[in-house]
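Structural overview
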Amino acid sequence: MSTVEPDPWAVLRGATRARVALGRAGDGLPTTRELEFRLAHAVARDAVHTALDPAAVRAALGDGDVVEVRSAAADRAEYLQRPDLGRRLAEGTELPATGDDLGIVLADGLSPRAVHDHAPGLVAALRERLDGWSVAPLVLAHQARVGLGDAIGAALGVRAVVVLIGERPGLSSADSLGAYLTWEPRPGRVDAERNCVSNVRPPHGLGYDQAARTVASLLAGARELGASGVALKDEAALPG
Amino acid sequence: MTIRRTTLGGHTVEFPSLVELMAKATPARSGDVLAGCAAESAAERVAAQTVLADLPLATFLEEQVVGYEEDDVTRLILDTHDAAAFAPVASLTVGEFRDRLLAWAAEGDEPAISALAPGLTPEMVAATSKLMRNADLIAVGRRARVVTGLRSTIGLPGRLASRLQPNHPTDDPLGVTASVLDGLLHGSGDAVIGINPATDSPAQTIALLELLDAVISRYGIPTQSCVLAHVTTTLRALEKGAPVDLVFQSVGGTQGANRGFGVTLDLLAEARAGALELGRGTVGRNVTYFETGQGSALSAGAHLGVGGRPVDQQTLECRAYAVARHFEPLLVNTVVGFIGPEYLYDGKQVARAGLEDHFCGKLLGLPMGVDVCYTNHAEVDADDTDALMLLLGAAGCSFVIAVPGSDDVMLHYQSLSFSDVLTTRQVLGLRPAPEFEAWLARMDLLGDDGRVRELAPDAPAARALLAAATS
């Protein structure tokens, strides 16, 4: 005679993405579980250390001008240790002062892979929603922090800059792209003067259309307010 | 201001202030380079250490790193200094003090080392640590005895406790419960069951406090809970009559850093008084919990000292311990790899910082634990954190932090896992807090050999816990 009782762990496992009930091999982890964890970390590490591939990004973007720039951080190791250098343009960088309304920067950030995977899709979705905005040539930035957009925006002479940047990879999300909007960009702007749309990574995270809609709405709001940051709320993102 | 100098390879090296001397004597780390205060060369670093070694310990009572008038942490440090406790080492230089500590450690003279705490300032301890190697930090750290208690006892010889950290991205009660049970079944949670809430609101904090209190009461677990909300949120929870065991707050080593955290010393005192009033302890009355971490002052732009010069991050970290010890904490831990590679770049820097923080905290009288952790953009992996956890176990670390499978799905970083705690205890012959160990035995979770049993999910003990949680 036997009774079938439901596995209580099944209920609990379903309630969290935490790595619960992995089992044990002595006091350590079973091999399968150990390798699962290693793979997740390896994917995240690779996302950080993959070099931005300009040719691939250009090809994915299709036609149009793309200008490449570098920050003052000479390599990945310096970039990771000196965020201040990642916010400054390399010495001697020249950008055309177009005086357009908007600059768009594709920045490697902490996940070049996010730029490879998602920036072309987001740019395309964004372009469809930028009626009434003249857009400067796209800028592809190496070893870049969000703040580099201030220097780039100031050099381009644009009224607003949107930085699409690879976010810090997590164990389960190595390809997350963030979009940061800054009105009247210039060096010295602080984070409270920006608006952010995070976790763009379809199909698991935010989709391109949804993200583009939010960014376009924030841009319109910033133009009306004459400012970005904590004073600017994304009305479009509210339900109803 | 005294200019201090030494000769190096035939030419003179000068250190124009105590701030610069301390910074340049600090073992290499990225955060000091970022702040612009690190030694320019390896030789300059040793030159600074050489000058520091000859400095009388008492100098730190006369000359400040962060000004007395403008910083309430400095005032706290100097106004509460215990001259009688300092007396046994008052005539020593920093170098002589290091030697004395190593001698006492070798003789196993725990009382001599432990009694110094009220007489030591953070700057004295930081300076001494800068002359020590990792093994020195371990040898002395394990002889600085600090015992605290609320419903379990932390810091006894031969024990390693753990904070069970059951974080969930939306604070889902069942999700949190799953992680709590997984940790308990692995023998974790004797230091505290402590959640970082996803939302810092009084309502959410109270809901989580009640959830944890229910688990602890239902099974009679001799441990305490904590929801690591801002202290002002915990104050609101206290006002509403929530079951608050521990008042938590992140603290820093300058008044400005604490302002950045939104706290003052008065606020911390008020919250502690509120928790004490509840009288929820059974074996002790330590009702506060603090977290710190090298780099927090710099990241808040609050790292400048006398003369507007940047103070090194390790000295500032030790100053945060002065804030913590004023409130007689049950637990304090440094979060050693969380802040990122711009402060601690790689496994070597993280390990060094973890051992420094443990040593300095213990010497200053804190029940010191460590969150041994890393982010994916640091040059650190699980091999590095394995090494540090075992070094800390050897150093007599009071507790470590553990999350399911090393993966914190809310804060997005990697800490130790529940099985890492088992491994450290097994390799080094360490045991859980005694009250918690007795509870494990009552729950039939402990084998005859003292190890936490590997239970099948359908074992009676596991089944009892799980059934109650999901009912």
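These figures come from a predicted structure and were not determined experimentally.

**A closer look at the overall build of chain B**
Helix and strand counts for chain B come out as 22 helices and 15 strands. At 22 Å, chain B has a C-alpha radius of gyration in line with the 23 Å of a compact globule built from 471 residues. Per-residue burial over chain B gives 65% buried out of 471 residues. Long-range pairs, those at least 24 residues apart, make up 76% of the contacts in chain B between residues at least 6 apart in sequence. Here chain B displays about 15400 Å² of accessible surface, and carbon together with sulfur accounts for 52% of that area. Computed over 35 positive and 57 negative side-chain charges, the separation of the two mean positions in chain B equals 4 Å.

**Here we look at the nonpolar core**
Judged by nonpolar contacts, the single largest core of 157 residues is most densely connected at L101, L184, Y289 and L363 of chain B. The contacts of L363 of chain B, once residues within four sequence positions are left out, are F97, L101, I113, A117, L120, V125, V140 and A144 of chain B. Within the second largest apolar cluster, 34 residues are counted, among which are L138, L140, L177 and A179 of chain A.

**Some details on the sheet that holds strand 2 (residues 102–107) of chain A**
Residues and elements named next belong to chain A. Strand order in the open sheet made by the six strands is 1-3-2-4-5-6, with mixed pairing throughout. The sheet terminates laterally at strand 1 (66–70) and strand 6 (194–200), the two strands that pair on one side only. Pairs of neighbouring strands in the sheet enclose a mean axial angle of 20 degrees, with direction left out of account. Where strand 5 (residues 177–183) lies against strand 6, five bridges are found, and the strand directions are antiparallel. When the sheet's bridge partners are listed, Y180 is paired in strand 6 with C196. The sheet contacts of helix 7 (residues 148–156) involve strand 1, strand 2, strand 3 (138–142), strand 4 (160–166), strand 5 and strand 6, and relative to strand 3 the element is tilted by about 145 degrees.

**What about the interface of chain B and chain A?**
Taken together, the contact between chain B and chain A spans 44 residues of the former and 35 residues of the latter. Counting each side, the surface lost to burial between chain B and chain A is near 3600 Å², with a carbon and sulfur contribution of 58%. Residue R45 of chain A is joined to E379 of chain B by a salt bridge in which the shortest nitrogen-to-oxygen separation is 3.1 Å. At the junction of chain B and chain A, the tally comes to 13 residue pairs in polar contact (both at pLDDT 80 or more). Of all the secondary-structure elements, those providing two or more residues to the side of chain B that touches chain A are helix 2 (30–35), helix 11 (173–185), helix 20 (418–428) and helix 22 (460–470) of chain B. Of the residues forming the side of chain B that touches chain A, the biggest block, seven residues, is contributed by helix 11 of chain B. Its residues placed into classes, the side of chain B that touches chain A shows 18 nonpolar, 16 polar and 10 charged.

**Quick look at the pattern of salt bridges**
Pairing is possible between side chains of opposite charge, provided their charged atoms come close. Taken as a whole, this structure holds 36 salt bridges over all chains when the rule is applied. As a salt-bridge pair, R33 of chain A and E36 of chain A come within 3.2 Å of each other at their nearest N and O atoms. Placement of the pair is R33 of chain A and E36 of chain A together in helix 2 (residues 31–49), with a separation of three residues, close to one helical turn. Under the relative-accessibility criterion, E36 of chain A is labelled partly exposed at 37%. A salt bridge links E110 of chain B to R145 of chain B, with the nearest nitrogen and oxygen atoms 3.1 Å apart. Residue E110 of chain B is located in helix 8 (residues 110–114), and its partner R145 of chain B is located in the loop between helix 10 (134–141) and strand 3 (148–149); the two are separated by 35 residues in the primary sequence. Looking at E110 of chain B, the relative accessible area reads 18%, which means it is buried. What makes R145 of chain B partly exposed here is its relative accessible area of 25%. One network of salt bridges, in which partners are shared, links R151, D213, D245 and R280 of chain B.

**Points about the confidence of the model for chain B**
Chain-level pLDDT for chain B is 95 on average; 99% of the residues reach the 70-or-more range. Here the complex is predicted with pTM 0.94, and the ipTM for its interfaces comes to 0.93.

**So, the environment of G253 of chain B**
Residue and element names in this part refer to chain B. When you line up the elements, G253 lands in the loop between strand 8 (247–250) and helix 14 (255–260). Judged by its relative accessible area of 3%, G253 is buried. A sequence separation of 35 residues divides G253 from R218, and the C-alpha atoms of the two residues are 39 Å apart. Apart from the residues within four sequence positions on either side, G253 is in contact with V73, L316, R319 and A320.

**Digging into the environment of R98 of chain B**
Residues and elements named next belong to chain B. Take R98: it is sitting in helix 7 (residues 94–107). A residue is classified by how much of its surface remains accessible, and R98, at 21% relative accessible area, is partly exposed. Through-space distance from the C-alpha of R98 to that of D136 is 8.8 Å; in sequence the pair is 38 residues apart. R98 has contacts with T128, L131, M132 and D136, leaving out every residue within four places of it along the chain.

**Considering the packing of helix 18 (residues 347–363) of chain B against helix 19 (residues 382–394) of chain B**
Residue and element names in this part refer to chain B. Relative orientation of the contacting elements helix 18 and helix 19 amounts to 20 degrees, with a least axis distance of 10 Å. By the angle between their directions, the pair helix 18 and helix 19 is classed as roughly parallel. Of the two elements, helix 18 crosses helix 19, and the hand of that crossing is right-handed. On helix 19, the residues touching G347, V350, A351, G354, L355 and H358 of helix 18 are D384, L388, L391 and L392. Taken together, the residues that form the contact of helix 18 with helix 19 break down as six nonpolar, three polar and one charged.

So, how was this worked out
Residues numbered from 1 in each chain as written. Chains lettered and ligands numbered in written order. Predicted model: local features only at pLDDT ≥ 70, side-chain atom pairs only at ≥ 80, totals over all residues. Heavy atoms only, no water. Helix = DSSP H or I, 4+ residues; strand = E, 2+ residues; numbered from the N terminus. Rg over C-alpha atoms; globule rule 2.2 N^0.38 Å. Buried < 20%, exposed > 50% of the residue type's maximum accessible area, 1.4 Å probe, protein only. Contact = heavy atoms within 4.5 Å. Areas by Shrake-Rupley, 256 points an atom, 1.4 Å probe, with all protein chains shown as cover. Lys, Arg positive; Asp, Glu negative; His and termini not counted. Charge placed at Lys NZ, Arg CZ, Asp CG, Glu CD. Core = buried A, V, L, I, M, F, W, Y, C linked by side-chain atoms within 4.5 Å. Pairing = 2+ DSSP bridges. Axes fitted to C-alpha atoms, helices over the stretch in contact; angles between N-to-C directions. Buried area = accessible area lost by both parts, 1.4 Å probe. Salt bridge = Lys/Arg side-chain N within 4 Å of Asp/Glu carboxyl O. Polar contact = N/O pair within 3.5 Å; in protein donor to acceptor, adjacent residues only side chain to side chain. Nonpolar A, V, L, I, M, F, W, Y, C, P; charged D, E, K, R; others polar. pLDDT = per-residue confidence, 0-100. Parallel < 35°, antiparallel > 145°, perpendicular 65-115°, else oblique. Left-handed = near helix turned anticlockwise from the far one by under 90°.

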